[in-house]
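# Examination of the molecular architecture
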Amino acid sequence: MRHIAIIGSGPAGYYTAEAAGKQWEDDARIDVFDKLPVPYGLIRTGVAPDHQSIKGVARRYEKTALSDNVRFVGNVTVGEDVSVAELQDLYDAVVFATGAPEDRSLGLEGEDAANIFGSAAFVGWYNGHPEFASIDPDLSKRHAVVIGMGNVALDVARILSKTEAELAGSDIVEHALAMLRGSNLETITILGRRGPHQIMMTPKELGELMHLDRASPRVDGDDLPPVDDDAILEPGLRKSVTLLRDFAAIPESIHGEKAIAIEFDFFANPVRFISEGGRLTGVEVERTTIEKGRATGTGETYVVPADVAVTCIGYRSSAIDGVPFDERQGRFANDEGRILPGLYCVGWAKRGPTGTIGTNRPDGYGVIEKLAEDIGQGGRKRGREGFDELARDRGLDIVTFRDWQKIEEAEAAAAREGAPREKFVDIESMIAARK
Ligand code: NAP
């Protein structure tokens, strides 16, 4: 018998559990831990609330969670409630599928002012992550700045732009909807330190900006390279750049009909946040040119008005005491998912914050291959029986998958009309709902 502990119940965690279940069937017991009482990690609190079809993949994880050899162990924080060393004593393998939940910071002057948020916090806020439910961004003024040109920047700009009617079928949480109702935003400037050929935005997500009820995307045609230059781009990026060209061609009359302008500001590297009387008023940026693919400052600076700012520049994993960590890369130090024999990582905890949800599937199957090489038949560990004893001794209040199903039912019952659920946004309410 092999006993496997997977830390994190997001896509990376459940694909790994699925792979282990397939590899060993009844000869493995797999415990999927989460510090929250609810499963699915990034699917619940990262994927945009208006992208319900992407969130639908949770049904696949549910199937894994309900299989005989897998169980969910919610409301347990590894590193606090139980140490990694204790888990290693109990399980043949411990796999970190903990994602990259921390915002990278720009390290700029003025960054700690009020109303500046990292995307982990901001996305967590509108998605009801308990840690960020009370950040209360002030959207009552006119200008928002979103820093970074990846898909997270697009998610943030789109959610800030949508009307209540456009968000009707989403599972955006009520506190965010209320704040958006009171929003007076007129501009959302997306700052990219490089140019149109260096964006990280994918065509489907970029194309959504074309169809917003009250916002239209603006690109300055002068920022676009000659159209023939697009030929060298890989097809996905070429499609995205073609969309930027479409945005540049939108007539003024259409922009005039929309209350919000989503401005793409290329070659604009943020250098400082400016606040007056404790209130954010702008982001100073330096014009750049691209040399050998890198943004190089020109010395010319200007200020983009900003009453609220969200940095969408990538994430870091959280280090855990005693587990080798690559500080520079912001992820666990690993060789193809193996940290040490018996200790592994998958998903963003392994490779950093890149790729789609689906990228986690081969990651999960790959790490199980490594694990199989290392643990053989298993080493007569006590597994879940030993963990349950420890949990009882410590008085841990474990949330099971059955409990989660009750929480899920309560969230569905509380949904506003047309929405799939109204999420609980604090841990106590989640736990209370399982009764
Ligand atoms: P990302 O795709 O890596 O984009 C990060 C952006 O931040 C880049 O434009 C980058 O510019 C910029 N940036 C980084 N450091 C910066 C700095 N110091 N100053 C200014 N700009 C800086 O990251 P992400 O948007 O967080 O997305 C993470 C992953 O999740 C991606 O794989 C993404 O595709 C995926 N995702 C997918 C979806 C979807 O499919 N619907 C939705 C959300 C996220 P440089 O290129 O110049 O470094």
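Before reading further, recall that the structure is shown in the block above.
Below you will find a few notes about this structure.

Rules used throughout
Position numbers for residues start from 1 in each chain and track the written sequence from start to end. Local features in this predicted model are restricted to residues of pLDDT 70 or higher, and side-chain atom pairs are both shown and tallied only at a pLDDT of 80 or more, whereas totals for entire chains, interfaces and linings draw on every residue. In computing side-chain values, all of the structure's heavy atoms are included and hydrogens and water are not. In this text, helices come from DSSP runs of H or I with a minimum length of four residues, and strands from runs of E with a minimum of two, each type numbered from the N-terminal end. Values of the radius of gyration come from C-alpha atoms, whereas the globule rule sets the reference at 2.2 Å times the count of residues to the power 0.38. Each residue is placed in one exposure class: buried if its accessible area under a 1.4 Å probe, protein chains only, is under 20% of its type's maximum, exposed if it is over 50%, and partly exposed if it falls in between. Whether two residues touch is decided by their heavy atoms; if any such pair falls within 4.5 Å, the residues are in contact. Exposure was quantified through the Shrake-Rupley algorithm and a 1.4 Å probe, taking into account, for residues, occlusion by the shown protein chains and nothing else. Counting rule applied: Lys, Arg positive; Asp, Glu negative; His and chain ends not counted. Here the site of a charge means NZ on Lys, CZ on Arg, CG on Asp, or CD on Glu. Think of a nonpolar core as a cluster: buried Ala, Val, Leu, Ile, Met, Phe, Trp, Tyr and Cys residues, connected wherever their side-chain atoms sit within 4.5 Å. Every axis in this analysis is a line fitted to C-alpha atoms, fitted for helices over the stretch in contact. Angles between the N-to-C directions lie between 0 and 180 degrees. We call two directions roughly parallel when the angle between them is under 35 degrees, roughly antiparallel when it is over 145, roughly perpendicular when it lies between 65 and 115, and oblique otherwise. Note: crossing handedness is left-handed where the near helix turns anticlockwise from the far helix by less than a right angle, and right-handed where it turns clockwise. Only Asp, Glu, Lys and Arg are considered charged in this grouping, and only Ala, Val, Leu, Ile, Met, Phe, Trp, Tyr, Cys and Pro are considered nonpolar; every other residue, Gly among them, is considered polar. Neighbouring residues are identified by heavy atoms, a residue being near a molecule or strand if any of them is within 4 Å of it. Whenever a nitrogen or oxygen atom comes within 3.5 Å of another N or O atom, the pair is scored as a polar contact, on the condition that within protein one atom can donate a hydrogen and the other can accept it, and that pairs from neighbouring residues in sequence are kept only if both atoms are in side chains. Each Phe, Tyr or Trp ring (for Trp, its six-membered ring) is paired with any other whose centre lies within 6.5 Å, and the angle between the two planes then decides the class: stacked below 30 degrees, edge-to-face above 60, tilted in between. The pairing criterion for strands is at least two bridges between them, as found by DSSP. Here the term right-handed applies to a crossover when the path leading from its first strand over the helix to its second strand runs clockwise, the strands being oriented away from the viewer.

## Description of the overall build of the chain
Counting secondary structure elements, the chain contains 16 helices and 19 strands. Its C-alpha radius of gyration of 23 Å places the chain within 12% of the 22 Å reference for a compact globule of 435 residues. Burial status across the chain gives 54% buried among its 435 residues. Considering only residue pairs separated by 6 or more positions, the chain has 74% of its internal contacts joining residues 24 or more positions apart. Accessible surface computed for the chain: about 18700 Å², of which carbon and sulfur atoms make up 49%. Placing the 51 positive and 71 negative side-chain charges of the chain at their respective mean positions leaves the two points 4 Å apart.

## A word on the nonpolar core
One finds Leu 206 and Phe 264 to be the most contacted residues of the largest nonpolar core, which totals 47 residues. Elements with a contribution of two residues or more to this core: helix H6 (119–126), strand S7 (143–147), helix H7 (151–161), helix H8 (174–181), strand S8 (187–191), helix H10 (235–248), strand S10 (260–265) and strand S14 (308–311). Per-element tally for this core: the top contributor is H7, with 6 residues. Those residues in contact with Leu 206 that sit more than four places away from it in its chain are Leu 154, Ile 199, Met 201, Ser 240, Leu 243, Leu 244, Phe 247 and Phe 264.

## Details of the packing of helix H1 (residues 11–24) against helix H4 (residues 58–65)
Orientation of H1 relative to H4, taken along the N-to-C sense of each, is 45 degrees, at an axis distance of 9 Å. When the axes of H1 and H4 are compared, the pair comes out oblique. The crossing of H1 and H4 is left-handed. Taking contact as the criterion, the partners of Pro 11, Tyr 14, Tyr 15, Ala 17 and Glu 18 in H1 are, on H4, Arg 60, Tyr 61, Thr 64 and Ala 65. Broken down by class, the residue content of the contact of H1 with H4 amounts to 6 nonpolar, 1 polar and 2 charged.

## A closer look at the site of the ligand
Surveying the vicinity of the ligand reveals 20 residues, the closest of which are Met 149, Arg 193, Arg 194, Glu 205 and Gly 355. Take Arg 193: an N or O atom from its side chain is 2.7 Å from an oxygen atom of the ligand. Measuring from an oxygen atom of the ligand, one finds a backbone N or O atom of Gly 355 at 2.8 Å. Against a free-state accessible area of 920 Å², the protein chains account for coverage of 81% of the ligand. With 3 residues, the top contributor of residues to the shell around the ligand is H7. Tallied by class, residues from the shell around the ligand come to 9 nonpolar, 6 polar and 5 charged.

## With respect to the packing of aromatic side chains
Taken as a whole and judged by the stated rule, the model has 16 aromatic pairs. Both rings, one in Tyr 40 and one in Trp 404, keep their centres 6.0 Å apart while their planes meet at 90 degrees; by these two values the pair is edge-to-face. With Tyr 40 in the loop between strand S2 (28–33) and helix H2 (42–45) and Trp 404 in helix H15 (residues 401–413), this pair connects stretches of sequence that are 364 residues apart. As far as burial versus exposure is concerned, Tyr 40 and Trp 404 are alike and both buried. Summarising the aromatic geometry, the rings of Phe 122 and Trp 125 are spaced 5.3 Å apart at their centres and angled 45 degrees between planes, so their arrangement reads as tilted. In this pair, Phe 122 and Trp 125 are both assigned in helix H6, 3 residues apart and thus about one turn of the helix distant. An aromatic cluster of at least three residues, connected via ring pairs, comprises Tyr 14, Tyr 15, Tyr 40, Tyr 61 and Trp 404.

## As for the sheet that holds S10
Read from one edge of the open sheet, 6 strands run S6-S14-S7-S8-S10-S9, paired in parallel fashion. Only two strands of the sheet have a single neighbouring strand rather than two, namely strand S6 (116–118) and strand S9 (215–218). Adjacent strand axes in the sheet meet at a mean angle of 20 degrees, parallel and antiparallel pairs treated alike. Relative to S10, S8 is paired through 5 bridges, and the arrangement is parallel. Looking at S10, one finds that Leu 191 is bridged to Asp 265. The strands touched by H7 are S7, S8, S9, S10 and S14; relative to S8, the strand with the most contacts, the crossing angle is about 180 degrees.

## Quick notes on the pairing of strand S1 (residues 2–7)
Regular strands show a simple pattern: their side chains alternate between the two faces of the sheet. Of all 6 residues in S1, 6 are buried, a share of seventy percent or more. On S1, burial covers both faces: Arg 2, Ile 4 and Ile 6 on one face and His 3, Ala 5 and Ile 7 on the other are all buried. Here S1 runs beside S2; their pairing, made up of 6 bridges, is parallel. What sits directly across from Ile 7, in S2, is Phe 33. What joins S1 to S2 is H1, and the crossover it makes is right-handed. Here S1 runs beside strand S4 (residues 93–96); their pairing, made up of 4 bridges, is parallel. If you follow Ile 4 over to S4, its bridge partner there is Ala 93.

This is a description of form; function is not addressed.
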